[in-house]
Amino acid sequence: MTESSATKLLNGDVCRRTSNGKNASKNGYVKNHSLFKQPHKYQRPRDKNQNLQHNSSLYKKPFLESFEETPLLVAVLTYMGYGILTIFGYLRDFLRHWSIEKCHVASEREEQKDFVPLYQDFENFYTRNLYMRIRDNWNRPICSVPGAKMDLVERVTHNYNWTFEHTGKVVKNVINMGSYNYLGFAENTGTCADAAIQTTQVYGAGVGSTRCEMGNLDIHEDLEQLVARFLGVESSMVFGMGFATNSMNIPALTGKGCLILSDELNHASLVLGARLSGSTIRVFKHNNMQSLEKLLRDAIVHGQPRTHRPWKKILIVVEGIYSMEGSIVRLPEVIALKKRYKAYLYLDEAHSIGALGCNGKGVVDYFGLDPKDVDIMMGTFTKSFGAAGGYIGGKKELIDYLRRHSHSALYATSMSPPVVQQIITSMKIIMGEDGTSLGADRLRQLSENTTYFRRKLQDMGFIIYGNDDSPVVPMMLYMPAKIGAFGREMLKRNIGTVVVGFPATPIIESRARFCVSAAHTREMLDTALEAISEVGDLLQLKYSRRQQPLPSPGWTSEESLLQD
């Protein structure tokens, strides 16, 4: 009997079956499963000052994360704010319907009313009545290198953010607190830029073919060997797009009859890849090991729905650093669960590779773990390396399998040569193979900047989410009116920030997200902190009622199978 791509193991070995059970479990998402009793960060904890981390033996250093609860009054006012905006939205729709107010939104023609609608009603309502009010905070044109400082094209709107016009002026030297430029390699001068220019002169800017046809260059293979050596794995494969690295490779690894256990805050690329695979998907609470263990136990005991057969594969999908929360995956506990229940682990290190660990090798390096314990190591070159694309690392059998079955490998154009060289040069700097200490200096500077920036914000009284070592720093805004106001006020003070609201976050947890970089000087951070403090006082954003960060909830069940 031949094996289909969906029944092959992740490491290329023969298929292994798990233990069978009697009762079928419910298919699909179980995000709100009633049996999950562990406090969740979106819920009000019973005791905010209680240290809930019990598996300290798995960690070599303190693992502290802060998720302070939303103040009750703030939550009530936030819901009221969205309610008022919704009421005024329906009022404006009424005025637009009777042509009292001009309607700028695209609409379907009368003769198309009987067809399937092109727009979802509520999504379109939200876009035209809520998002448009603060649309000027996004998609700002940048006309320089997005490094520690950047230049923005000034623009104005005369119809309340429906359209924009450029004034011809440039806002100079805006401190960039929003780009994922963790190690400062987004630059147009220096070693990386010079090497990319030389490579362009030799290979050109593009390849014009796929890797399996005429687009496989020697520098592509050099990069893959370097990535494998950097990660400490047998082999690796690179792709031209980070999003497609997840969305096009997960379907090649799992299929019908397989189970994917996904963190509820996983990136959209992971969600899309899981859905395209045709596998059954179940969601566990964010970074909640009790929730994950419960799903693993149910999967082993009950097997597949209706047939009761064992799952062909169980794949746990997590991220290294979660880009909206600033939290770090509890990898030692995930690996312990993965080993106990014979599952496979897919680790997305898009934000953690280069930004965590004493050697910059990501969350595995940060916890001092063995890379062989992670079956699929995925990451991108778009953040710490200042380039583009992504990679997957693991056993040689896994990579050879992906070269033959991955849609991204077979149909996507090869990575651009100057981009390849940018990655090679920056990675060698991080590894110290350039003969200098520049990589170590940048890693140390990023760590110091992260600690300093987080501590200062907490001392000012802001509610900050995430891990103490995470360069992604979410600062809570909560109310919808403060999303746009914060972004505008910060730009007036020459600080570029990213503000995020519903539906990208829970409706009462709108936030500003800062990304700390090794390229930031202490003077830049102090300038940004001063501006944040001023705007915080102006908008009354200093909600915090505690002085020290609290550990995030970990293991709370004394009956956990990992407790000896």
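Our subject is the structure listed above.
Residues numbered from 1 in each chain as written. Predicted model: local features only at pLDDT ≥ 70, side-chain atom pairs only at ≥ 80, totals over all residues. Heavy atoms only, no water.

### Things to note about a nonpolar patch on the surface
A contiguous nonpolar surface patch, about 790 Å² in accessible area, is contributed by I84, I87, F88, L91, F94, W98 and I100. With respect to the element layout, L91 can be found in helix α1 (residues 72–97). Relative accessible area serves as the criterion here: at 44%, L91 is assigned to the partly exposed category. (Patch = residues over 30% accessible without salt bridge, like charges linked within 9 Å, V, L, I, M, F, W, Y side chains within 5 Å. Areas by Shrake-Rupley, 256 points an atom, 1.4 Å probe, with all protein chains shown as cover. Salt bridge = Lys/Arg side-chain N within 4 Å of Asp/Glu carboxyl O. Helix = DSSP H or I, 4+ residues; strand = E, 2+ residues; numbered from the N terminus. Buried < 20%, exposed > 50% of the residue type's maximum accessible area, 1.4 Å probe, protein only.)

### Digging into the packing of aromatic side chains
One pass over the full model with this rule turns up 15 aromatic pairs. For the pair Y180 and Y182, a centre-to-centre distance of 6.3 Å together with 40° between the ring planes defines the contact as tilted. An aromatic cluster of at least three residues, connected via ring pairs, comprises Y59, F63, Y366 and F367. Sitting over the ring of F164, R155 keeps its end group 4.1 Å from the ring centre. Here the guanidinium or amino end of R522 rests over the ring plane of Y452, the centre of that ring lying 3.9 Å away. (Phe/Tyr/Trp six-rings, centres within 6.5 Å; stacked < 30°, edge-to-face > 60°. Lys NZ or Arg CZ within 6 Å of the ring centre and 35° of its normal.)

### Quick word on the environment of A193
Looking at where A193 falls in the secondary structure, it is placed in helix α3 (residues 191–203). In this structure A193 comes out as buried when scored by relative accessible area, which is 11%. Between the C-alpha atoms of A193 and P418, which are 225 residues apart in sequence, the distance is 8.9 Å. Among all residues touching A193, those that are not within four sequence positions of it are E187, N188 and Q422. (Contact = heavy atoms within 4.5 Å.)

### Some points on the environment of R135
Tracing the backbone shows R135 in the loop between α2 (121–129) and β2 (149–156). For the pair R135 and G484, spaced 349 residues apart in sequence, the C-alpha to C-alpha distance is 8.0 Å. Among all residues touching R135, those that are not within four sequence positions of it are R155, N161, W162, T163 and F164.

### With respect to unusual backbone geometry
A cis amide bond links F502 to the next residue, P503, at an omega of 10°. Among the secondary structure elements, P503 is positioned in the loop between β14 (498–500) and β15 (510–515). Phi at Y160 is positive, roughly 60°, even though this residue is not glycine. Tracing the sequence through the fold places Y160 in the loop between β2 and β3 (165–176).

### Here we look at helix α14 (residues 438–460)
Counted at 1.5 Å a residue, the expected span for α14 with its 23 residues is 33 Å, and the 33 Å between its end C-alpha atoms agrees. Those residues of α14 not exposed but buried are G439, R442, L443, L446, N449, T450, Y452, F453, R454, L457 and Q458. Elements that come into contact with the buried residues of α14 comprise β1 (65–66), α13 (417–431), β11 (466–467), β12 (472–478), β15 and α16 (522–539). With its phi angle positive at about 105°, G461 sits one or two positions after the end of α14. (Expected span 1.5 Å × (residues − 1).)

### Let's talk about the sheet that holds strand β13 (residues 495–496)
Across the sheet, which stays open at both edges, the 3 strands sit in the order β2-β3-β13 with mixed pairing between neighbours. Lying at the two open borders of the sheet, with one neighbouring strand each, are β2 and β13. Alignment of β3 against β13, held across 2 bridges, turns out to be parallel. Counted as the bridge partner of N176 is G496 from β13. (Pairing = 2+ DSSP bridges.)

### Examining the packing of α3 against α13
Contact geometry of α3 with α13 gives a least axis separation of 8 Å together with a crossing angle of 145°. In the crossing of α3 with α13, the sense of the turn from one axis to the other is right-handed. Of the residues in α13, those touching α3 at T191, C192, A193, A195, A196, T199, T200 and Y203 are P417, P418, Q421, Q422, T425, S426 and I429. Here the contact of α3 with α13 is composed, by residue class, of 8 nonpolar, 7 polar and no charged. (Axes fitted to C-alpha atoms, helices over the stretch in contact; angles between N-to-C directions. Left-handed = near helix turned anticlockwise from the far one by under 90°. Nonpolar A, V, L, I, M, F, W, Y, C, P; charged D, E, K, R; others polar.)

### Some points on the pairing of strand β9 (residues 376–380)
A large share of β9 lies buried, amounting to 5 of its 5 residues. Here β9 shows a buried face lined by I376, M378 and T380 and a second buried face lined by M377 and G379. As judged from the 3 bridges shared by strand β8 (residues 344–348) and β9, these two strands associate in the parallel manner. Opposite D348, over in β9, you have M378 as the bridge partner. Both β9 and strand β10 (residues 390–394) contribute to a ladder of 4 bridges, which runs antiparallel. Bridged to M377 within β10 is G393.

### Here we look at the sheet that holds strand β7 (residues 314–319)
Taken together, the 7 strands give an open sheet; going across it, the order is β4-β10-β9-β8-β7-β5-β6, and neighbouring strands pair in mixed fashion. With one partner strand each, in any of the chains shown, β4 (235–239) and β6 (280–284) form the two edges of the open sheet. Going across the sheet, the axis of each strand differs from the next one's by a mean of 20°, ignoring polarity. Contacting β4, β9 and β10, helix α4 (residues 218–231) runs over the sheet at an angle of about 125° to β4.

### Describing the pattern of salt bridges
Across all of its chains, the model carries 22 salt bridges by this definition. R96 is the salt-bridge partner of D93, the closest N and O atoms lying 2.7 Å from each other. Pair noted here: D93 and R96 are both in helix α1, with a separation of 3 residues, about one helical turn. A salt bridge links K338 to D375, with the shortest nitrogen-to-oxygen separation between them at 3.4 Å. Here K338 is found in helix α9 (residues 331–340), whereas its partner D375 is found in the loop between α10 (363–367) and β9, with 37 residues between them in sequence. Of the residues examined, K338 reaches a relative accessible area of 9% and is grouped as buried. Overall, the relative accessible area of 19% leaves D375 in the buried class. Through salt bridges with shared partners, a single network forms among R92, D93, R96, E101 and R128.

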